[in-house]
Amino acid sequence: QVQLVESGGGLVQAGGSLRLSCEASGRTFSSDTTAWFRQAPGKEREFVAQITWSTTTNYADSVKGRFTISRGDAKNTVYLQMNSLKPEDTAVYYCALRLGSGSYANTNYNYWGQGTQVTVSS
């Protein structure tokens, strides 16, 4: 069983930065993909960014050029560096792991973290 634990959320002013971390424990596979999704109040959960085991990355258009996803040296930690934050980035951010190649659909992910709140004030 895989467990994902997110950290690093908080309150920041518009234009500021935060770095989220997602640490995986338990079994992981060399073909997995880790992604970040977010969900704002009253909205559906949406894809933010993903990184494959081979470190191929993809981003939602809304965060391209501002967010960067990366893996730690130990491979079991994934980071989301968020710069130039906007009030519309306010949401609960979830880390998710898929036992396979990359996907933008949250229904294709096998494991989820508990989420971490990011609030951007204007």
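The preceding data block contains the structure.
In this text, all values refer to a predicted model and were calculated from it rather than measured experimentally.

Colleague: Looking at this structure, I do not really get the sheet that holds strand S7 (residues 67-71). What am I missing?
Modeller: Through backbone hydrogen bonds, the strands of a sheet pair up, either in parallel or in antiparallel fashion. Pairing is antiparallel in the open sheet, where four strands are placed in the order S1-S3-S8-S7. At either margin of the open sheet sits one strand with a lone partner, and together these are strand S1 (3-7) and S7. Direction aside, neighbouring strands of the sheet carry axes that sit 15 degrees apart on average. Where S1 lies against strand S3 (residues 18-25), five bridges are found, and the strand directions are antiparallel. By the bridge assignment, Ser 7 is partnered in S3 with Ser 21.

Colleague: I would appreciate a short explanation of the state of the cysteines in the present structure.
Modeller: The term disulfide refers to a covalent linkage connecting the sulfur atoms of a pair of cysteines. In the structure shown here, the tally under the stated rule is one disulfide. There is a disulfide in this structure between Cys 22 and Cys 95, and the S-S distance comes to 1.9 Å. In this structure the cystine formed by Cys 22 and Cys 95 twists about its S-S bond by roughly -70 degrees; its chirality is therefore left-handed. One end of the pair, Cys 22, is in strand S3; the other, Cys 95, is in strand S9 (residues 91-98), with 73 residues separating them in the sequence. With respect to class, Cys 22 is no different from Cys 95; both count as buried.

Procedures and definitions
Residues numbered from 1 in each chain as written. Predicted model: local features only at pLDDT ≥ 70, side-chain atom pairs only at ≥ 80, totals over all residues. Heavy atoms only, no water. Pairing = 2+ DSSP bridges. Helix = DSSP H or I, 4+ residues; strand = E, 2+ residues; numbered from the N terminus. Axes fitted to C-alpha atoms, helices over the stretch in contact; angles between N-to-C directions. Disulfide = S-S within 2.5 Å. Buried < 20%, exposed > 50% of the residue type's maximum accessible area, 1.4 Å probe, protein only.

The quantities given are spatial measurements derived from coordinates; they are silent on function.
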